[in-house]
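One letter stands for each residue in the lines below.
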Amino acid sequence: MKRILIALATYNERDNLPPLIDEIFAAVPEADILVIDDNSPDGTGDWAQSFSSSGRRLKLIRRSGKLGLGSAVLEAMRYAADSGYDYLLNMDADGSHRPQYIASLLQKSAEGYDVVIGSRYIAGGGVENWAWYRRLMSWCINRYARLMLGLKTRDNSGSFRCYRVELLRRLDTESVVSRGYSFFEEILYRLSALGASFAEVPIIFADRRFGQSKINKSEVFKALWILFRIAPYWTKTR
Ligand SMILES: Nc1nc2c(ncn2[C@@H]2O[C@H](COP(=O)(O)OP(=O)(O)OP(=O)(O)O)[C@@H](O)[C@H]2O)c(=O)[nH]1
Ligand SMILES: [Mg+2]
């Protein structure tokens, strides 16, 4: 049986995490869960700590402060590689990524794809309740990433993905520049340089259940700048 790790990066998701964990265990009882919490002031880490000591299969990595979503997922990749997992499935912890899609991601991975993306931008996928400017912004970022990094996949900025851990073991994690939101485009770029195969399965992206988004303008500009900097036009990595 394949070993599956589901990673959830959290920063102030105290209300969202408990119901999500129940739903994940109901959807994939055989999986382990890893929470990477950045010392959330709202006590998300404390809750995860007490849940993990109740004996359920949840591991918590607690970091000293808000170090960025990308760096949290990178930490999960290292953990999955070091702990002998076969698949690492990452999702947001705010309720936007519904556990009902986990089965189709895992099924596609079992067909042999190295990276399976839960995609908003293929037939059957989409977003709920997004205003036109949010759709436009997301479209532009995806277009930009395709142009800058030569990516062929449609949804390059979402985090709902399943990675074959064997491939992650070959990744030089030191070479990854992004700590924030550009991580998701950058990692596709780095993994494609390793010869990875990619597939996308449709997902509908829901609104976060509770709390506030952690993405802000400065994060967006930082992400655009990093994607510009790492583009193969001016680096020799391609
Ligand atoms: N550990 C950790 N988790 C983070 C950090 N920033 C964001 N997250 C988590 O990453 C996930 C996605 O963050 P969101 O703020 O929802 O970003 P988003 O989904 O792009 O934006 P919205 O659609 O507006 O919610 C959530 O589970 C957050 O709690 C961080 O610095 N560290
Ligand atoms: Mg979100």
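Since we're looking at a predicted model, the values are computed, not measured.

Draft legend 1. Representation of the pattern of salt bridges. One pass over the full model with this rule turns up 15 salt bridges. The shortest N-O distance in the salt bridge between Glu128 and Arg98 comes to 3.0 Å. Separated by 30 residues along the polypeptide, Glu128 in the loop between strand E6 (126–127) and helix H5 (132–149) and Arg98 in the loop between strand E4 (87–92) and helix H4 (102–110) bring together distant segments of the chain. Residue classification places Arg98 among the partly exposed positions, given a relative accessible area of 24%. With a shortest N-O distance of 2.8 Å, Arg190 and Glu186 are connected by a salt bridge. Of this pair, Arg190 and Glu186 both sit in helix H7 (residues 183–193), separated by 4 residues, roughly a single helical turn.

Draft legend 2. Here's a closer look at the site of ligand 1. With respect to spatial proximity, 20 residues lie near ligand 1, and among them Glu13, Asp38, Asp94, Arg134 and Lys214 are the closest. Separating a nitrogen atom of ligand 1 from a backbone N or O atom of Thr10 is a distance of 3.2 Å. Tyr181 places a side-chain nitrogen or oxygen 3.3 Å from an oxygen atom of ligand 1. Here ligand 1, which alone exposes 630 Å², has 93% of that area covered by the protein. For the shell around ligand 1, the elements supplying multiple residues, two or more each, are strand E1 (4–10) and helix H3 (69–82). Here the shell around ligand 1 is composed, by residue class, of 9 nonpolar, 3 polar and 8 charged.

Draft legend 3. Local environment of the packing of H3 against H7. H7 packs onto H3 with a crossing angle of 45° between their chain directions and a minimal axis gap of 9 Å. Here H7 runs oblique to H3, going by the angle between their axes. In this structure, H3 contributes Leu69, Gly70, Val73, Leu74 and Met77 to the contact, and H7 contributes Phe183, Phe184 and Ile187. For the contact of H3 with H7, the residue count by class is 7 nonpolar, 1 polar and no charged.

Draft legend 4. Local environment of the nonpolar core. In terms of nonpolar packing, the biggest core is built from 38 residues, with Met77, Leu88, Tyr163, Phe183, Ile187 and Leu191 touching the most fellow members. At the level of secondary structure, the elements contributing two or more residues to this core comprise E1, strand E2 (32–37), H3, strand E5 (115–119), H5, helix H6 (165–169), H7 and helix H8 (217–230). Looking at which element gives the most residues to this core, the answer is H3, with 7 residues. Judged by nonpolar contacts, the second largest core, of 31 residues, contains Leu8, Tyr101, Ile102 and Val201.

Draft legend 5. Inspection of the packing of aromatic side chains at higher detail. Summed over the entire model, instances satisfying the criterion amount to 5 aromatic pairs. Ring centres of Phe183 and Phe184 lie 5.4 Å apart, and the angle between their planes is 90°; this geometry places the pair in the edge-to-face category. One exposure class covers both Phe183 and Phe184, and it is buried. Positioned over the ring face of Tyr85 is Arg3, at 4.2 Å from the centre of the ring. Lying across the ring of Phe205, Arg120 places its NZ or CZ 5.5 Å from the centre.

Draft legend 6. Here's a closer look at H5. A rise of 1.5 Å per residue sets the reference length of H5, with its 18 residues, at 26 Å; its end C-alpha atoms lie 26 Å apart and thus fit the reference within 8%. The elements touched by buried residues of H5 are H7 and H8. With its phi angle positive at about 70°, Gly150 sits one or two positions after the end of H5.

Draft legend 7. Layout of the side chain of Ser138. In this structure, Ser138 sits in helix H5. Beyond its immediate stretch of four places on either side in the chain, Ser138 contacts Arg120, Tyr121, Trp130 and Ser157.

Draft legend 8. The arrangement of the environment of Gly125 in detail. Structurally, Gly125 is set in the loop between E5 and E6. You can call Gly125 partly exposed: its relative accessible area is 23%. Residues Gly125 and Phe205 lie 80 residues apart in sequence; the distance between their C-alpha atoms is 7.9 Å. Apart from the residues within four sequence positions on either side, Gly125 is in contact with Ser119, Arg120, Pro202, Ile203 and Ile204.

Draft legend 9. Quick look at unusual backbone geometry. With phi around 55°, Asn12 is a residue other than glycine that occupies positive phi space. Position of Asn12 relative to the elements: it lies in the loop between E1 and helix H1 (17–27). Note on Asn12: relative accessible area 26%, which makes it partly exposed. Notably, Asn39 is not glycine yet its phi reads approximately 55°, a positive angle. Relative to the helices and strands, Asn39 resides in the loop between E2 and helix H2 (44–53). Residue Asn39 is classed as partly exposed on the basis of its relative accessible area, which comes to 45%.

What counts, and where the lines are drawn
Residues numbered from 1 in each chain as written. Chains lettered and ligands numbered in written order. Predicted model: local features only at pLDDT ≥ 70, side-chain atom pairs only at ≥ 80, totals over all residues. Heavy atoms only, no water. Salt bridge = Lys/Arg side-chain N within 4 Å of Asp/Glu carboxyl O. Helix = DSSP H or I, 4+ residues; strand = E, 2+ residues; numbered from the N terminus. Buried < 20%, exposed > 50% of the residue type's maximum accessible area, 1.4 Å probe, protein only. Near = heavy atom within 4 Å. Polar contact = N/O pair within 3.5 Å; in protein donor to acceptor, adjacent residues only side chain to side chain. Areas by Shrake-Rupley, 256 points an atom, 1.4 Å probe, with all protein chains shown as cover. Nonpolar A, V, L, I, M, F, W, Y, C, P; charged D, E, K, R; others polar. Axes fitted to C-alpha atoms, helices over the stretch in contact; angles between N-to-C directions. Parallel < 35°, antiparallel > 145°, perpendicular 65-115°, else oblique. Contact = heavy atoms within 4.5 Å. Core = buried A, V, L, I, M, F, W, Y, C linked by side-chain atoms within 4.5 Å. Phe/Tyr/Trp six-rings, centres within 6.5 Å; stacked < 30°, edge-to-face > 60°. Lys NZ or Arg CZ within 6 Å of the ring centre and 35° of its normal. Expected span 1.5 Å × (residues − 1).

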